[in-house]
Amino acid sequence: MACIEARGLRKAYGATVALDGIDLRVETGRILGLIGPNGAGKTTALNAILGLTDYQGELKVLGRDPWRERDDLMADVCFIADVAVLPRWIRVDQALDYVAGVHPRFDRAKAESLLAKTTIKRTSRVRELSKGMVTQLHLALIMTIDAKLLVLDEPTLGLDILYRKSFYDSLLNDYFDHSRTIIVTTHQVEEVQHILTDLMFLNRGRIVLDCSMEAFEQRYTEVMTPPEHAAEARTLGPIQERQVFGRSLFLFDGADRARLAALGEVRTPSIADLFVAVIGADQAQKAAA
Ligand code: ATP
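Here the structure is a predicted model, which is why all the values come from computation and not from measurement.

Draft legend 1. Fine view of the site of the ligand. Taken together, Tyr 13, Thr 16, Ala 18, Pro 37, Asn 38, Gly 39, Ala 40, Gly 41, Lys 42, Thr 43, Thr 44 and His 187 are the residues near the ligand. Separating an oxygen atom of the ligand from a side-chain N or O atom of Asn 38 is a distance of 2.9 Å. A distance of 2.6 Å is found between an oxygen atom of the ligand and a side-chain nitrogen or oxygen belonging to Thr 44. Bound to the protein, the ligand loses 60% of the 640 Å² it would expose on its own. At the level of elements, strand S2 (16–27) and helix H1 (42–49) are the ones that each hand at least two residues to the shell around the ligand. Sort the elements by how many residues they give to the shell around the ligand and H1 lands first, with 3 residues. Partitioning the shell around the ligand into residue classes produces 4 nonpolar, 7 polar and 1 charged.

Draft legend 2. View of the pattern of salt bridges. Tallying each qualifying case throughout the model produces 25 salt bridges. Between Asp 65 and Arg 68 there is a salt bridge, and its shortest N-O distance comes to 2.7 Å. Judged by relative accessible area, Asp 65 falls into the buried class, the value being 12%. The shortest N-O distance in the salt bridge between Lys 148 and Asp 76 comes to 3.6 Å. Taken together, the positions of Lys 148 in the loop between helix H5 (131–142) and strand S6 (149–153) and Asp 76 in the loop between helix H2 (70–74) and strand S5 (77–80) put the pair 72 residues apart, joining distant regions of the chain. Residue class for Lys 148 comes out partly exposed when judged on its relative accessible area of 40%.

Draft legend 3. How the structure looks around the sheet that holds S2. The strand order across the open sheet built from 3 strands is S2-S1-S4, with neighbouring strands paired in antiparallel fashion. Two strands in the sheet have a free side with no partner beyond their single neighbour: S2 and strand S4 (56–61). Between one strand axis and the next, the sheet turns through 15 degrees on average, direction left out of account. Here strand S1 (residues 2–13) runs beside S2; their pairing, made up of 9 bridges, is antiparallel. Its bridge partner lying in S2, Ile 4 is registered against Val 26. Along the sheet, H1 contacts S1, S2 and S4; its crossing angle with S1, the most-contacted strand, is approximately 120 degrees.

Draft legend 4. Inspection of the sheet that holds strand S13 (residues 265–267) at higher detail. With respect to topology, 4 strands assemble into an open sheet ordered S11-S12-S10-S13, the strand pairing being antiparallel. On the outer flanks of this sheet lie strand S11 (240–244) and S13, each paired with one strand and no other. Taking each pair of neighbouring strands and ignoring which way they run, the sheet shows an average axis angle of 20 degrees. Direction of pairing for strand S10 (residues 220–225) relative to S13: antiparallel, over a ladder of 3 bridges. Within S13, the position partnered with Glu 222 by the bridge is Arg 267. Of the strands in this sheet, S10, S11 and strand S12 (247–253) touch helix H8 (residues 227–235), which is tilted by about 25 degrees from S12.

Quick notes on the rules
- Residues numbered from 1 in each chain as written.
- Predicted model: local features only at pLDDT ≥ 70, side-chain atom pairs only at ≥ 80, totals over all residues.
- Heavy atoms only, no water.
- Near = heavy atom within 4 Å.
- Polar contact = N/O pair within 3.5 Å; in protein donor to acceptor, adjacent residues only side chain to side chain.
- Areas by Shrake-Rupley, 256 points an atom, 1.4 Å probe, with all protein chains shown as cover.
- Helix = DSSP H or I, 4+ residues; strand = E, 2+ residues; numbered from the N terminus.
- Nonpolar A, V, L, I, M, F, W, Y, C, P; charged D, E, K, R; others polar.
- Salt bridge = Lys/Arg side-chain N within 4 Å of Asp/Glu carboxyl O.
- Buried < 20%, exposed > 50% of the residue type's maximum accessible area, 1.4 Å probe, protein only.
- Pairing = 2+ DSSP bridges.
- Axes fitted to C-alpha atoms, helices over the stretch in contact; angles between N-to-C directions.
- Contact = heavy atoms within 4.5 Å.

So this is what it looks like as structure tokens:
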């Protein structure tokens, strides 16, 4: 079943087109990484999915129209935005009370056990916490809500490396099961590569890549060639070529791995490498136009 389905989803702010008619389908039980440069339209897409902005085109989330049925939808959805929304005066235990009061699917005991793993005190006020601690608190409140769809917009902004890693590990091990769906946006793509089931690149309000991680691993290949094999690699139509320590590094879409292996060392690219190639090509196309 599709958790999210959009057709021709469009949003413009005056002359700025934030979403330029996108089609997407996210099945239940998937973890989608929505990746794009600044201003690509990621937050706008998430806001439409959460019913926080109106839009043109068709959109269904968990079978509902998010703009018209937001209240219903919110019982099954939770999200963390890139802006901390917790008031600065609130105490940690008051924040727990508040979420317990407003969300019927909040598991307070679980939230407290997550907080016990941090250095956050129950009596601290939000204004006394560091930026990363505020995010930790926010995550403890959100990840303990039993939701069908979890929307994470830059969830690890301001967190240190240790906590970022443990956040994604616990998201996968303690939170995720195949009845839930997660959408995450981040600029730190290398940190989410191992948890995603699906990958989507957005640029200038349009989807420029949409594939499962299995398809990603089959489709894309990187090969590092010594100078004598570079010319032959070029004839196979790479989507990108870079120079690394006197060798050429080529990125291919859909090339024959066995054939590439004869030219040099073959591996699957990182999401970050593919992102640079795909978005770079899209920007170059725009510049040419
Ligand atoms: P970032 O990675 O920088 O957070 P993003 O991919 O989330 O970027 P959006 O916030 O969706 O990008 O913005 C897409 C475009 O829409 C940008 O050009 C932005 O300036 C514009 N935009 C977003 N919100 C508004 C608004 N409320 N009013 C006017 N323009 C807006």
